[in-house]
Every structure is written in C-alpha cells, then in structure tokens.
Amino acid sequence: MRNLVLLGGGYGNMRILLRILPNLPEHIHITLIDRVPYHCLKTEYYALAAGTISDQHIRVPFPEHPRLSYVFGEVKKIDLHHEVVHLQDGTCIPYDDLVIGLGCEDRYHGVPGADIFTYSIQTIDKARETYQKLSNLPPHSIVGVVGAGLSGVELASELVESRPDLHVKLFDRGTRILSMFPERLSHYVEQWFHSHGVELIRQSNITKVEEHTLYNHDEAIHCDAIVWTAGIQPNRVVRELDVEKDSQGRVVLTPRHHIPNIENVYVVGDCASLPHAPSAQLAEGQAEQIAQVLQKRWKDEEPPSEFPPIKLKGILGSLGKKHGFGLVADRPLTGRVPRLLKSGVLWMYKYHNGY
Ligand SMILES: Cc1cc2nc3c(=O)[nH]c(=O)nc-3n(C[C@H](O)[C@H](O)[C@H](O)COP(=O)(O)OP(=O)(O)OC[C@H]3O[C@@H](n4cnc5c(N)ncnc54)[C@H](O)[C@@H]3O)c2cc1C
C-alpha cells in the first residue's frame, strides 16, 4: 500500500478528500492528521468569538472511507529527509505522499506584548477563549480590535450587534479600511460602523501591548479586552521547514504544487506561495489541481506540467447578521444581498461536505 498523509483537515485538504475518495485506487491508503476531530469552518470564527453562533454550527464531520484513517494529535515536525511526520506525543508517521495544509497563525509584526496580551480568532480553541472573554465582559467595557481587514471588520460588526453595550474601538493602519476594496465599499463599511457606534481609529500604529492597554503611536489606550486581527503567517511547523519561502514565509512551489525537487510533498492553502492573498476559496482551487496531480501519478501517468490560473469568484464580508459587502465578478455589492449570498455560500459548503 502507498500511504498518502494529509496534514490538517482544513479547506484545502477537505477538498482533496472530496475529489479523491470516490475513485481511490486500491493501493492507496490515506491518513489525515489534525489536532481536532472534525473539520472547522474557520471563515466563521468571528461569529463564534462574538457569541452569535454555537460551536457545533461550525464543525463538519470528517468523511468516512475504508481506506481513510485519522490520527488526532499535534504535529510537531516534518522530517523531509526521512519522510516522517513527528507528533507532539512522540508518534512518528511515515508517508509516501504528503500534503501539508496546516493553515496560518497570527503575525504580531514584532509588537512587544501582542502575543501575550491579545486574544485571537486564528484557531478554534483561541476563538473559543476569545468568546469566553468577550461574553463575560461587564457592561460598557471597551474592546480593542487591532486590524481592519476582513476578519477584523467582521468581528467588530458582529460583536457590536451582539453586545451593543460594549464600546468597540477598531484600529487600522490605513487612511481607509478595507483598502483592497473599491473606495465606495470602504465608505459604506465606515458609515455602517459610524451608525452602529464602532469607533474607527485610522492611521494607527500599535507600538506596544500591555495587560488592558494598547499603545497607539505610544499613546496609552485602556481596553478591557484586545483582539488581534492584524496579520497572518504560515503555521510554525511550516516556518521551520528548511525549504525556499517567499517574503511572507510561504513555501515556494512548482506549477504542480510540490516542493521543488521533492515530488511527493505538496503544500496547500495558507502555507503555500500563490499569486493571490490566502483564502479558503484559493485553498480549494489549489486543492482541485493537487487532486489531479495525485490521481495521475497513482496511475503512472504524467500530470499536466501547468494548470490554468486559479479562478476566484469574489469576496463577501458580513456586517452583523443583516448587512454585508462584497466584490463579485468585479462588481461591488453592499447591503442585504451580499449578506444573503454569504449565508448561502456557507449553506452550500456544508451541504457539499455532507453536513
Ligand atoms: C475570521 C476569518 C474570516 C475569514 N473569511 C474568509 C472568507 O470569507 N472567504 C475566504 O475564502 N477565506 C476566509 N478566511 C480565510 C480562510 O479561513 C483560510 O484562508 C483557510 O481556512 C485556509 O485553509 P487551509 O486549508 O490552508 O487551512 P485551515 O482551514 O486553517 O486548516 C488548517 C488545519 O490544520 C490543523 N492544524 C494546524 N496546526 C496543526 C498542528 N500543529 N497539528 C495538527 N493540526 C494542526 C487545524 O486544526 C486545521 O484543521 C477567513 C479567515 C478568518 C480567520
């Protein structure tokens, strides 16, 4: 038997499973390793942290197959030389083919205290801790959200809708939030924040974090809780791999998505160096191509030497449960329609994954 090991049961590896399981060759066995025993819908962590959805709502059971087994544990190290994955508990799992899909972590940009005194929504356990903290805050507490990209905007809006008694301060480096979107969209989101009492602090520069205190351009600002949404980097296990990386620390790959000169090790999703910003959609698009390469190789056929560029359908963001914004087929959308579309996308995703 040939053992395919999938590291991480996130969006990338779930899509690979969806494509390869129906026609899995007899000689292939798959082992999926994850620290949690279900697939987590990371795109919804902002709502989990804000307390507007239940934990169960964002867990999807992993698929079942006679030649698919699971190991639930913490990946500590990948030994590319000996083709073995080491887990925290001392277990070693050898592989014939490996797909690394361990996702990303917060990037703190060297801001002192940020890793200690801020809450996170990058993993399910951290999002749960953030939920505990935010839900237990006394009335009229101040919450600082650092970073007004998609996840910071979604968290701030969901939180203020869920707990209107809180005072939410949203810090962003730019002159306008969501600078990757057309100006009209940024303006709409800024207006929404204004009318819902979220304080937007533009051109901020967080220089230090202490317990209950953010320093913006060295000015101390009291916060009862601080959530960090100001940047991401690939998983530590991937950062520690001795292979070529791009300026963001993501692994540089061949057009067939494997590490150069290591034909049996692929990297999918947030850990991979790709021509677009990391997203679940991108991880899935890349996974489609990796699935094709694996299937060809298992049949001893030559995989395509290049693939067409991965097509992205657009971006949708929520502003609480009723409003949203997005860019679909280059068209800016605001209001209830993009929010409905976002709910529909989530529903479809769960449906296609057998939920
Ligand atoms: C709040 C928020 C909103 C977002 N909204 C969107 C959106 O609207 N659209 C969109 O396309 N993208 C969105 N994203 C980005 C998207 O979630 C990621 O790009 C996507 O999850 C990446 O998929 P992946 O397969 O690389 O990794 P992930 O889905 O993150 O999966 C990684 C898996 O690896 C496991 N793992 C990690 N480390 C270890 C370890 N050491 N040992 C064992 N297991 C481990 C984790 O448990 C997890 O199951 C959002 C992200 C956030 C945080």
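A. Structural view of the overall build of the protein chain. Within the protein chain one finds nine helices and 23 strands. The C-alpha atoms of the protein chain give 21 Å as radius of gyration, which agrees with the globular expectation for 355 residues (20 Å, within 12%). Projected onto its principal axes, the C-alpha coordinates of the protein chain cover approximately 60 × 40 × 35 Å. A buried classification covers 52% of the 355 residues belonging to the protein chain. Element-wise, carbon and sulfur atoms account for 52% of the exposed surface of the protein chain, whose accessible area totals about 16,700 Å². Positive and negative charge centroids in the protein chain, built from 37 and 42 side chains respectively, lie 5 Å apart.

B. Structural context of the packing of aromatic side chains. Counted according to the given criterion, the structure contains eight aromatic pairs. A ring pair is formed by F62 and F72, whose centres lie 6.4 Å apart and whose planes are at 10°; its orientation type is stacked. Taken together, the positions of F62 in the loop between strand 4 (59-60) and strand 5 (68-72) and F72 in strand 5 put the pair 10 residues apart, joining distant regions of the chain. On the basis of an interplanar angle of 10° and a centroid distance of 5.8 Å, the ring pair of Y70 and F72 is categorised as stacked.

C. Molecular detail of the layout of surface pockets. Each pocket or cavity is described by its volume, and for the second largest pocket that value is around 260 Å³. The wall of the second largest pocket is formed by 16 residues, among which H257, L274, P275, Q289 and I310 lie closest to the centre. Within the lining of the second largest pocket, the residues separate by chemical class into 10 nonpolar, five polar and one charged.

D. Inspection of helix 9 (residues 336-352) at higher detail. End to end, helix 9 covers 24 Å across 17 residues, agreeing with the expected 24 Å (1.5 Å per residue, within 8%). When helix 9 is considered as a whole, its buried residues turn out to be P338, R339, K342, L346, Y349 and K350. The arc that holds every buried residue of helix 9, seen down its axis, measures 120°, which confines them to one face. Looking at helix 9, the residues exposed on the side facing more than 90 degrees away from the buried face are R336, V337, L340, W347 and Y351.

E. Summary view of the site of the ligand. Within the structure, the ligand sits among 32 residues, and G12, D34, V75, N235 and D270 are positioned closest to it. At 2.6 Å from an oxygen atom of the ligand is found a side-chain nitrogen or oxygen belonging to D34. At a separation of 3.2 Å, a nitrogen atom of the ligand approaches a polar side-chain atom of E74. Relative to its free-state accessible area of 1,000 Å², the ligand is covered by the protein chains to the extent of 90%. Only helix 1 (11-20), helix 5 (150-162) and helix 8 (280-298) provide two or more residues apiece to the shell around the ligand. Residues that form the shell around the ligand fall into these classes: 11 nonpolar, 14 polar and seven charged.

F. How the structure looks around unusual backbone geometry. The residue Q203 is not glycine, and still its phi comes out positive at about 50°. Within the chain, D300 stands out as a residue other than glycine whose phi angle is a positive 60°. On the secondary structure map, D300 appears in the loop between helix 8 and strand 21 (314-319). A residue is classified by how much of its surface remains accessible, and D300, at 75% relative accessible area, is exposed.

G. Main features of the nonpolar core. Formed by 71 residues in total, the largest nonpolar core has its most connected members in L4, I30, V99, V153 and F193. When sequence neighbours within four positions are dropped, the list of residues in contact with V99 reads L4, V5, L6, L7, N13, I16, Y266, V268, I290 and L294. Among the nonpolar cores identified, the runner-up in size contains 27 residues, and L80, V237, V238 and I310 belong to it.

H. Here's a closer look at a nonpolar patch on the surface. A surface patch of nonpolar side chains, amounting to about 380 Å² of accessible area, comprises W347, M348 and Y351. Within the secondary structure, M348 is located in helix 9. Here M348 falls in the partly exposed class, since its relative accessible area comes to 40%.

I. Examining the sheet that holds strand 22 (residues 323-328) more closely. The three strands are arranged 21-22-23 in an open sheet whose pairing can be described as antiparallel. Across the chains shown, the open sheet's two edge strands, defined by having one partner strand only, are strand 21 and strand 23 (331-335). Pairs of neighbouring strands in the sheet enclose a mean axial angle of 10°, with direction left out of account. Both strand 21 and strand 22 contribute to a ladder of six bridges, which runs antiparallel. In the sheet register, G317 faces strand 22, and the bridge partner there is F325.

Rules used throughout
- Residues numbered from 1 in each chain as written.
- Predicted model: local features only at pLDDT ≥ 70, side-chain atom pairs only at ≥ 80, totals over all residues.
- Heavy atoms only, no water.
- Helix = DSSP H or I, 4+ residues; strand = E, 2+ residues; numbered from the N terminus.
- Rg over C-alpha atoms; globule rule 2.2 N^0.38 Å.
- Buried < 20%, exposed > 50% of the residue type's maximum accessible area, 1.4 Å probe, protein only.
- Areas by Shrake-Rupley, 256 points an atom, 1.4 Å probe, with all protein chains shown as cover.
- Lys, Arg positive; Asp, Glu negative; His and termini not counted.
- Charge placed at Lys NZ, Arg CZ, Asp CG, Glu CD.
- Phe/Tyr/Trp six-rings, centres within 6.5 Å; stacked < 30°, edge-to-face > 60°.
- 1 Å grid on protein atoms, 1.4 Å probe; cavity = no way out; pocket = protein on both sides within 12 Å on 5 of 7 lines; lining within 4 Å.
- Points joined across faces, edges and corners; volume = space filled by probe spheres on them.
- Nonpolar A, V, L, I, M, F, W, Y, C, P; charged D, E, K, R; others polar.
- Expected span 1.5 Å × (residues − 1).
- Arc of directions from axis to C-beta.
- Near = heavy atom within 4 Å.
- Polar contact = N/O pair within 3.5 Å; in protein donor to acceptor, adjacent residues only side chain to side chain.
- Core = buried A, V, L, I, M, F, W, Y, C linked by side-chain atoms within 4.5 Å.
- Contact = heavy atoms within 4.5 Å.
- Patch = residues over 30% accessible without salt bridge, like charges linked within 9 Å, V, L, I, M, F, W, Y side chains within 5 Å.
- Salt bridge = Lys/Arg side-chain N within 4 Å of Asp/Glu carboxyl O.
- Pairing = 2+ DSSP bridges.
- Axes fitted to C-alpha atoms, helices over the stretch in contact; angles between N-to-C directions.

By themselves, these figures tell us nothing about what the structure is for.
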